[in-house]
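# Per-entry structural report
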Amino acid sequence: MIDVATVLAGKYPAKAHAKAVVKWMRQKNPNVTGVLYLEGQKTRMIEDNDSEAPFRQRRYFYYLTGCQLPDSYFTYDIGTDKSTLFIPPIEPESVIWSGLPVSEEEALSTYNVDNVRTTNEVAAALAHGGSTVWAIQDQVSDHITFLEFDDKDYTLLKLAIEECRVIKDEYEIALTKKANSISTVAHTAVLKAVKTATNERELEALFIQKCIANGAREQAYHSIVASGTAGATLHYVNNAQPLEGKLNLLLDAGGEYQCYASDITRAFPINGKFSTESRAIYDIVLEMQLVCIDMLKEGVIWDDVHLKAHEIAIDGLLKLGILQGSKEDILKTRTSVAFFPHGLGHYLGMDTHDTGGHPNYEDKDTIFRYLRVRGALPAGAIITVEPGIYFCRFIIEPYLRDPVHAAYINFDVLNKYWEVGGVRIEDNILITKDGYENLTTAVKDVGEMEKLING
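Basis of the calculations
Residues numbered from 1 in each chain as written. Predicted model: local features only at pLDDT ≥ 70, side-chain atom pairs only at ≥ 80, totals over all residues. Heavy atoms only, no water. UniProt positions renumbered as here; feature names shortened; annotations may be inferred. Helix = DSSP H or I, 4+ residues; strand = E, 2+ residues; numbered from the N terminus. Rg over C-alpha atoms; globule rule 2.2 N^0.38 Å. Contact = heavy atoms within 4.5 Å. Salt bridge = Lys/Arg side-chain N within 4 Å of Asp/Glu carboxyl O. Buried < 20%, exposed > 50% of the residue type's maximum accessible area, 1.4 Å probe, protein only. Arc of directions from axis to C-beta. Polar contact = N/O pair within 3.5 Å; in protein donor to acceptor, adjacent residues only side chain to side chain. Pairing = 2+ DSSP bridges.

The protein carries the name Xaa-Pro aminopeptidase in an unreviewed UniProt entry, which gives Cadophora malorum as its organism. According to the UniProt record, the Catalytic activity (unreviewed entry) comment for the protein is "Release of any N-terminal amino acid, including proline, that is linked to proline, even from a dipeptide or tripeptide."

Written as structure tokens, this is what we have:
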């Protein structure tokens, strides 16, 4: 267990990331030499407006710099192990409006790089050339040329960063823990407010307010605040419907801390007490999650964990009478996909759906088609575990019209569950050599949730 505050008192380990990226590249090409070149995201103006668009730093750039400054550049000389960050120079006219920018001295003390220069020196620095420049396609400005280099490669660097990002170091784990702790405060606030709120948008506003107040100014993604049957829409975006007369709320929301995401989902009763049907579905989903989390450790095949979630879902739905027939036949025909259509989880890092998962969205097996991670899990990866059961007419009704699937679904029993909407429970899990660490502390015990809702 790491002490988050102590770890985050240091610098983001950009140099270590650069070395790891080069090591990975050399596994593919032992002759890798030359210079890594990356550009940060540019300041952009809103179309037909004189205001700047919201800024989001390029994640490839951030991974090797830890720098959130817009309009910046970066080089890393592989031979000398020297990194240089180029930041915008002082422009007197902009100082009038925005104040003084970060100075070269301040940047050098803040970021884990060897040198800091201004962006008007980038071209001169590249003029020295070398054997190969490694850059990312479509992320090189028009005014930048690599004429002095013997060769240019626009593919391997991007792939290397994507693969290296899967395994998190101590600093990245601390950032994710911090994002989770802030998001837990916000989730708890929503639980306490849901019984008296009148509209989804009030709860979204409360979640964002708590995140910003506690240091997570940005959201990792747009919140899903889905009441009633809207909980069956996987990526619901409306967030503006009244709560009156609805059973449950599904809250999928996470703050972002210094470019690192949290991704937490909870489902709970709006009036403070689960209905019989809602509680039955919640208990199945919670068992799916707990059993799957307990399977996790280095080397576990994620496909197998996902399949186990479906097996538990089938057992639970058979017990309720929603499904009928043989468990083996239901699994073989993939009928459970009607109720659990998405993958069990995804890697988490600087992006909510982070890199390196190697999904196969062309998979003809419907149970695995939307699985965002395939294969063995490495120690150091952070993955979400988010099983769910949903009662979405748009998804289920085609199964009811298919004689193969319809034979395993009891329509009369199913009719009792439409108002449940959807139940999903999601935590962020660090994979370790011998097991796992759950980074998410938001309440999911039914008794504790109901206590918070009822004050």
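Let's pick the thread back up.
## Some details on the overall build of the protein
Within the protein, the secondary structure is distributed over 16 helices and 17 strands. Computed over C-alpha atoms, the radius of gyration of the protein comes to 25 Å, within 12% of the 23 Å expected from 2.2 N^0.38 for 455 residues, which places it in the range of a compact globule. With the principal axes as the frame, the protein shows a C-alpha extent of 75 × 50 × 45 Å. Taking the contacts inside the protein whose residues are at least 6 apart along the sequence as the reference set, 72% of them involve residues at least 24 apart.

## Regarding the UniProt feature "domain: Aminopeptidase P N-terminal" (unreviewed entry) in the protein
Taking the UniProt record as the reference, the feature "domain: Aminopeptidase P N-terminal" (unreviewed entry) is found at residues 12-142. In residues 12-142, helix accounts for 31% and strand for 19%; the two terminal C-alpha atoms are 30 Å from one another.

## Regarding the pattern of salt bridges
Counted according to the given criterion, the structure contains 26 salt bridges. Between Arg56 and Asp351 there is a salt bridge whose closest N-O contact spans 2.7 Å. Here Arg56 is found in the loop between β1 (35-39) and α3 (59-65), whereas its partner Asp351 is found in the loop between α12 (327-333) and β13 (382-385), with 295 residues between them in sequence. Between Asp315 and Lys327 there is a salt bridge whose closest N-O contact spans 3.1 Å. In this pair, Asp315 sits in helix α11 (residues 302-320) while Lys327 sits in helix α12, placing the two residues twelve residues apart along the sequence. Lys327 sits in the partly exposed class, given a relative accessible area of 24%. Salt bridges sharing common partners tie together Arg56, Arg165, Lys168, Asp351 and Asp354.

## Re helix α16 (residues 446-453)
Along α16, the residues classified as buried are Val446, Met449, Glu450 and Ile453. One side of α16 carries all its buried residues, which in axial view fall inside an arc of 95 degrees. Contacts from the buried residues of α16 go to α8 (170-193), β12 (264-269) and α10 (276-294). A distance of 3.1 Å separates the backbone nitrogen of Gly447 from a side-chain oxygen at the start of α16, and that oxygen is part of Asp445. Just downstream of α16 lies Gly455, where phi reads positive at about 75 degrees.

## Here we look at the environment of Phe340
Within the element layout of this structure, Phe340 appears in the loop between α12 and β13. In this structure, the C-alpha to C-alpha distance between Phe340 and Ile431, residues 91 residues apart in sequence, is 24 Å. Excluding residues that lie within four positions of it along the chain, Phe340 makes contacts with Met288, His306, Ala309, His310, Pro387 and Gly388.

## Points about the pairing of strand β2 (residues 73-77)
For β2, a buried count of four out of five residues is recorded, marking the element as mostly surrounded by other parts of the structure. When β1 meets β2, the two strands line up antiparallel, connected through five bridges. Each bridged residue has a counterpart across the sheet, and for Leu36 the counterpart in β2 is Tyr76. Note that β2 and strand β3 (residues 82-87) share five bridges and pair antiparallel. Each bridged residue has a counterpart across the sheet, and for Phe74 the counterpart in β3 is Leu85. Linking β2 back to β3 in an antiparallel pair, the connection comprises four residues, with Asp81 at a positive phi of about 60 degrees.

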